[in-house]
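# Coordinates in review
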Amino acid sequence: MLLRQARHCLAPLCLPLLMLALPGCSPATPPGSSSGNASASSALADETRLGEDGVLRYPASDFVEQQPGRRGGTLRVSAATDAGSFDIHGLSHGNMQWMGRILFDCLVYQTGDGTLTPWLAKSWDISPDGKTYTFHLRDDVTFSDGERFNAETVRLNLEHMRDPATRSPLAAAYIAPYLSGRVVDDYTFEATLREPYAPFLDVLSQAWLGMISPRQIREAPRSIASRPIGSGPFVLDSYVRDQGASFVRRAGYQWAPPAIAHQGEAYLERIELSYVPEAMIRYTSLESARSDLALDAPPQNAAAIRSNPQLVLRSRIRKGNPSRSMTFNVQRVPFDDVRVRQAVARAIDRDGLAWISGFGEFLAKGDLLAVNTRDYDPVARHALDYDVALANRLLDEAGWTGRDAQGYRTRAGQRLSATMLTYDNPAFPANVSVAVQADLKQVGFDLQIELLPVTRVSERRYAGQFDAIGGGYWHTNTPDGLFILYHSQAIPSARLIGQNVGHFSDPLLDQLLGDARRSTDPAQRRELYRQAQQRLGETVPAVPSVESQMLVAYRKSVKGVLFDGSHNVPLFTSLWLEPESP
C-alpha cells in the first residue's frame, strides 16, 4: 500500500499472501450454499444485507448528523498501514478515503444515495452539450496557511492533479476529459471538457481530488507529502512515518458540506492516529480502552467485538468495484479464450473465499459492480455462480480434454496451466491465493503462485508480464469505475498509468461504457450500465470475490459516527466523545 501505482488498499492490486496449501476453499464449511450472490453467510451484519431487488441501500441517518455533539477531547485511532504521504493528488492509497476528509475539502459532496450536493462550490451550471461546468464558489473559505480559496485555487489544483510531475495514478485519470479552466472572476470558475463526461462531479467529490493550498502548490509542492496544507476541519500537528500522526482541530472552520448537517468546527480537539499492522493488537487495544476507534477492525475478531457491550462494529461496503480474486491477462494463453475465463470463474468458490477472508463478515460477489453504487443492476449477479460441472464442460469445449499423470488437463500435449502473480500484503488473508489454487485443481487447472516483492509485481503488472494477478480492488463512487478497469482506453502504456492491466478489449463493452460516460440522460445511462454489467458477466476480464468492505469498530463512548457518502468511511468532523463510566 505504499506505492504510487497502488490503489486504495494497495490497489488496484490488493493481493493475498501465500501460505501452505489448503484442501479446499474454506477453512471450515461456510453456512449456506456457494451461490456467489452474497446471501450465504449468516453472520453478515444487518447493514450489509441486500434488499429483495439485490441492491444495498443504507439509511439516510448514516450520513446526516442527528444532534450536536460535545466539544473537546482526544480521539485515539488505529489503522493498519501508513500511506507514506499526504499528497492526495499523487496517491491512490485507501487511507486517503478518510485521511482526505480530515485535512481537505472538495468542490462538491456526494451523499450516500449518490446525489451531488454543494461543498466549496455553492452551485454549478452545466452547458447543454455537457462540456462546460461553471462553478459558483464560497467566498469565506481559507486554508490553514491563511490563503483564501477562490477560482484560481481551483485552476491550480486541477493543473496539479494532471501535472506529469505529480505522477498521479488516480486524480489525473479521473479528470482526463478536463481540457482547460478559466477564472471568470474571484469566485466563479469555468471548466471545459473535451467531451461530455457524466462522472465529472462524482469524481470531484472524492477525497483524492480535494483542494490543497495554492501557495503550497506554487512554492513547495514536494512538502505536500509530509506537511500538507488544506482547508479541512483538522490540521496536521506531527507525523512519524509508519508510527502515527496527530491532528488538531482547525479554529474557525465553518464550511462542512451542508448535506451532513454539521455546523461549525469539528467537535474533537485532537486525533491521535497510530499505525498498527498487527490485527490482534488493534483489537486488544480497542477492547482494553487503549484506543477508541479502529479503522481496520479485524474480521476474525468481529464476533468478540459484537459481544462486548462497550464496543460497536460497523461493516461498510465501498462503492465502485468489488474485490477480485484474480485479473486475467487476456493476451496470453490460456486466458485469451473466454471459455477458459468463464470456467475459472465458475470453478472458484466465492462463498468459500468470503468465509476465509471475512469470517462470515464479507459479502460474496458474483458480478463486477458494488451493490451500493448508483446504477448497479443485479442483472449479472448469477452469471458466474459456482458450478464445477459447468466449469468442466467449458474446459472440454475449449479443447482441454486430455489428462496427464498428475490429473491436470492437457491439449495437444500441453498442460492447462498459468501463473498467478502475487505479493505479501496484510490487507488480504494469507490463504486466499492458495484457496483459489485448490479450487482450480479440482477442474484440472494447474495454477502456480509466484510471490514477489511489491515493487517487482508493479513493474510486471504494468508491463503486462504475467498470466494472472491475484486479488485487487478499485474503489470509486461512480459506475464509471468499470471504464477505469475494463475499457480499452485504460490499457497501460508509456503515456498512461492505466488500470486495465489485463489488456482486456471488447468493442461492445467499450461502446457501452463510452456512451454511458458521455450521456447526459440519467435513464439512458442506467440502461447502458445495465447492459455493460451483463456484458462483463459474459466476457469475464476478472473474477470477483467479495464486496470491498471496511470494518470499523469503536467504543460506545464515541458518538456522532457518520459515514462519508463517497467512500463510506467515518467522518471525523462529526465525531465526539462521551466520558466512559468507570
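Model, not experiment: these values are computed from the prediction.

## A few points about the pattern of salt bridges
Overall, the coordinates contain 35 salt bridges when judged by the stated rule. As a salt-bridge pair, E361 and R306 come within 2.7 Å of each other at their nearest N and O atoms. In this pair, E361 is assigned in the loop between α9 (350-358) and α10 (388-397) and R306 in helix α7 (residues 302-307), connecting sequence segments 55 residues apart. Between R535 and E538 there is a salt bridge, and its shortest N-O distance comes to 3.2 Å. Here R535 pairs with E538, and both are found in helix α15 (residues 522-539), just three residues apart, close to one helical turn. According to the relative accessible area criterion, R535 is partly exposed, its value standing at 21%.

## A few points about the pairing of strand β9 (residues 244-249)
On a regular strand, each side chain points to the face opposite its neighbour's, so the side chains alternate between the two faces of the sheet. Pairing between strand β8 (residues 234-240) and β9: six bridges, direction antiparallel. Along β9, the bridge assignment pairs V235 with V248. Adjacent in sequence and paired antiparallel, β8 and β9 are bridged by three residues, among which D242 carries a positive phi angle near 65°. Where β9 lies against strand β10 (residues 270-275), five bridges are found, and the strand directions are antiparallel. If you follow G244 over to β10, its bridge partner there is S274.

## Here's the deal with the packing of aromatic side chains
A complete count under the given rule lists eleven aromatic pairs for this structure. With a centroid separation of 5.8 Å and an interplanar angle of 10°, the aromatic rings of F335 and F445 are classed as stacked. Within this pair, whereas F335 is found in the loop between β13 (324-328) and α8 (338-347), its partner F445 is found in the loop between α11 (432-441) and β18 (446-451), the two being separated by 110 residues in sequence. The pair formed by F335 and F445 is uniform in burial state, with each residue classed as buried. Between the NZ or CZ atom of R316 and the centre of the ring of Y58, over which it lies, the distance is 3.9 Å. Across from the ring centre of Y462, 4.2 Å away, lies the NZ or CZ of R461, which sits over that ring.

About the criteria used
Residues numbered from 1 in each chain as written. Predicted model: local features only at pLDDT ≥ 70, side-chain atom pairs only at ≥ 80, totals over all residues. Heavy atoms only, no water. Salt bridge = Lys/Arg side-chain N within 4 Å of Asp/Glu carboxyl O. Helix = DSSP H or I, 4+ residues; strand = E, 2+ residues; numbered from the N terminus. Buried < 20%, exposed > 50% of the residue type's maximum accessible area, 1.4 Å probe, protein only. Pairing = 2+ DSSP bridges. Phe/Tyr/Trp six-rings, centres within 6.5 Å; stacked < 30°, edge-to-face > 60°. Lys NZ or Arg CZ within 6 Å of the ring centre and 35° of its normal.

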